Amino acid sequence: MDRDELSDEIAGLRRNVAALDVHRWLPLHNSMPRLIAFQVARRTPFGLGGVLGATVALSIVIWSRSRISFVPIIGDWVTEIVDIVQPQLGGPDRQ
């Protein structure tokens, strides 16, 4: 690579870095409070979605397991789980 090509490459890099300086992403990360607010705003819906999704999935699994109580080994195990979970949820066994 000769000197002119190297100069052209460096000039291109400088143009790209200058373009990045005006990009909205970098000024957002120049301030720590803005960065923290951005991360909280971004991660809160992600965490909430994960919790809600896991809750729905676990509810479906427990409900479906309670329907197979007639299977000898699994049925006993499921009956124990349902007996533990129903009083905490306010089910029919709660006094």
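## Quick notes on the overall build of the chain
Here comes step 1: Regarding its fold elements, the chain presents four helices and zero strands.
Here comes step 2: Ordered by position in the sequence, the α and β elements of the chain form the string α-α-α-α.
Here comes step 3: Taking all 95 residues of the chain together, 6% fall into the buried category.

## Here we look at helix 3 (residues 32-66)
Here comes step 1: Over its 35 residues, helix 3 extends 50 Å from the first C-alpha to the last, a length consistent with the 51 Å expected when each residue adds 1.5 Å.
Here comes step 2: Bending of helix 3 peaks at approximately 25 degrees at the position of R43, with proline P45 no more than four residues after it.

## What about a negative patch on the surface?
Here comes step 1: Negative charge collects at one region of the surface, where D2, D4, E5, D8 and E9 lie side by side.
Here comes step 2: Position of D2 among the secondary structure elements: in the segment before helix 1 (3-21).
Here comes step 3: A residue is classified by how much of its surface remains accessible, and D2, at 44% relative accessible area, is partly exposed.

## Describing a nonpolar patch on the surface
Here comes step 1: Judged by side-chain polarity, M1, L6 and I10 come together as a nonpolar surface patch covering roughly 330 Å² of accessible area.
Here comes step 2: On the secondary structure map, M1 appears in the segment before helix 1.

## What to know about the confidence of the model for the chain
Here comes step 1: Chain-level pLDDT for the chain is 79 on average; 76% of the residues reach the 70-or-more range.
Here comes step 2: Within the chain, the element-level pLDDT minimum falls on helix 2 (residues 25-28), averaging 63, and the maximum on helix 3, averaging 88.

## Let's talk about the environment of V78
Here comes step 1: For V78, the position within the fold is in helix 4 (residues 72-89).
Here comes step 2: A C-alpha to C-alpha distance of 6.2 Å links V78 and R65, two positions 13 residues apart in sequence.

Cut-off values and rules
Residues numbered from 1 in each chain as written. Predicted model: local features only at pLDDT ≥ 70, side-chain atom pairs only at ≥ 80, totals over all residues. Heavy atoms only, no water. Helix = DSSP H or I, 4+ residues; strand = E, 2+ residues; numbered from the N terminus. Buried < 20%, exposed > 50% of the residue type's maximum accessible area, 1.4 Å probe, protein only. Expected span 1.5 Å × (residues − 1). Bend = angle between axes of the 7 residues up to and from the residue. Patch = residues over 30% accessible without salt bridge, like charges linked within 9 Å, V, L, I, M, F, W, Y side chains within 5 Å. Areas by Shrake-Rupley, 256 points an atom, 1.4 Å probe, with all protein chains shown as cover. Salt bridge = Lys/Arg side-chain N within 4 Å of Asp/Glu carboxyl O. Lys, Arg positive; Asp, Glu negative; His and termini not counted. Charge placed at Lys NZ, Arg CZ, Asp CG, Glu CD. pLDDT = per-residue confidence, 0-100.

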